[in-house]
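Below are the chains, spelled out letter by letter.
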Amino acid sequence: LADQIARPPREARFDYDSSANTLTTLSPGQNGYALDVQTATRLVANACLSSERQVELPVAVIPPRVTRADLEKLLPLALISEGESSFQGSTAGRLQNIRVASARFHGLVVPPGATFSFLEHLGLVTVANGYSEAWIIYGDRTVLGPGGGVCQVSTTCFRAAFWGGYPIVERSPHSYRVSWYEPPVGLDAAVFSPVVDMKFRNDTTTPILILTYMDEVNAKLYFRFYGQPVGRKVTLDGPVTDNPVKAGDPVYDEDPALAPGERVQVENAHDGLDVTLYRVIEKSGQETIREKIFSRYEPWPARYRVGPAKTANNAQP
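The paragraphs below set out a description of the structure included in this document. Nothing here was measured: the structure is a model prediction, and the numbers come from that model. (Residues numbered from 1 in each chain as written. Predicted model: local features only at pLDDT ≥ 70, side-chain atom pairs only at ≥ 80, totals over all residues. Heavy atoms only, no water.)

**Quick word on the overall build of the protein chain**
Part 1 of the argument: The secondary structure content of the protein chain amounts to 6 helices and 19 strands.
Part 2 of the argument: Relative to the globule expectation of 20 Å for 317 residues, the C-alpha radius of gyration of the protein chain, 25 Å, shows a markedly less compact shape.
Part 3 of the argument: Each of the three principal axes of the protein chain carries a C-alpha extent, and together these read 95 × 60 × 40 Å.
Part 4 of the argument: Classification of the 317 residues of the protein chain by burial places 39% in the buried group.
Part 5 of the argument: By sequence separation, contacts in the protein chain at least 24 residues apart represent 75% of the contacts at least 6 residues apart.
Part 6 of the argument: Just so you have it, the protein chain exposes about 17100 Å², and 51% of that area is on carbon and sulfur atoms. (Helix = DSSP H or I, 4+ residues; strand = E, 2+ residues; numbered from the N terminus. Rg over C-alpha atoms; globule rule 2.2 N^0.38 Å. Buried < 20%, exposed > 50% of the residue type's maximum accessible area, 1.4 Å probe, protein only. Contact = heavy atoms within 4.5 Å. Areas by Shrake-Rupley, 256 points an atom, 1.4 Å probe, with all protein chains shown as cover.)

Next up, the structure:
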């Protein structure tokens, strides 16, 4: 019965116009429910020893943690931090995936003290959910799969959390350097459901409102965090690079779908590199935190798909 009744509360989503200082509800919050198992067990046991044949189950109503009234108390909301990245040169499929994924986060509210999980709000990355096939990192190579470009969204969200000074609970660099996420090198965040997530914690006493914006004219993606500032200043020290490793010789994979002798490049070469940077957080003019962020990028050779070798059977007459 507890499993049937259990439903977590759903937080409302909001939009905010900073120029007009107006808050708009995009979707209302929803109460959650939970059965008090211990009390229910006692009530059922007592009913078994009496003439009672009905028991009213003790179900707790769990309201959303942040309401519209909570945000209205903070008006006007301040822009706490902004994450930015460029998707210049992305394919049509990759652009579609950035649109779909970034829309999942527009209007989200992160309650005070809560840990934000990127994968929790992203949901399933499938064609049925609107994603297109684009290049993704899988194992030791890039392959076509639904959701290529989602890491553009996770990286941009990570940068907003980084510049906001929020504690980073989980972050993984990509296997190799990706030009869309530089500069600066070392400030990317890979995700891969269900094992690689990006998480940060709202360590303040007020909620964070997340708004996303995709500027397709200038090929820029933005994550903007609104709320009440806590007076901390965030700066970046670095990056410092070390241990460069050459990418190595190109790799050629035969593709029977190509014509004999045809060659298509599917990956550029990327040298390996160790990258160290520090997030410096100051409050009241005093440095309070110096946080090291380390990334190791593997060397990645250029890869080509090539048609089968010419033989007497496929030679032109």
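**So, the packing of aromatic side chains**
Part 1 of the argument: Summed over all chains, the structure comprises 13 aromatic pairs.
Part 2 of the argument: With a centroid separation of 5.9 Å and an interplanar angle of 40°, the aromatic rings of Tyr166 and Phe200 are classed as tilted. One end of the pair, Tyr166, is in the loop between helix H6 (150–164) and strand E10 (168–170); the other, Phe200, is in strand E11 (residues 199–201), with 34 residues separating them in the sequence. A single burial state applies to Tyr166 and to Phe200, both of which are buried.
Part 3 of the argument: Put simply, the rings of Phe105, Phe116, Phe118, Tyr166, Phe200, Phe223 and Phe225 touch in pairs and so form one group of aromatic residues.
Part 4 of the argument: Over the face of the ring belonging to Tyr304 we find Arg263, whose NZ or CZ atom lies 4.7 Å from the ring centre.
Part 5 of the argument: Above the face of the Phe162 ring, Arg279 is positioned so that its terminal group lies 5.3 Å from the ring centre. (Phe/Tyr/Trp six-rings, centres within 6.5 Å; stacked < 30°, edge-to-face > 60°. Lys NZ or Arg CZ within 6 Å of the ring centre and 35° of its normal.)

**Brief notes about helix H4 (residues 92–103)**
Part 1 of the argument: The end-to-end C-alpha separation of H4 is 17 Å, in line with the 16 Å expected for 12 residues at 1.5 Å each.
Part 2 of the argument: Taken as a whole, H4 has its buried residues at Gly93, Arg94, Leu95, Asn97, Ile98, Val100, Ala101 and Ser102. (Expected span 1.5 Å × (residues − 1).)

Take it as geometry only, folks, not as evidence of what the structure does.
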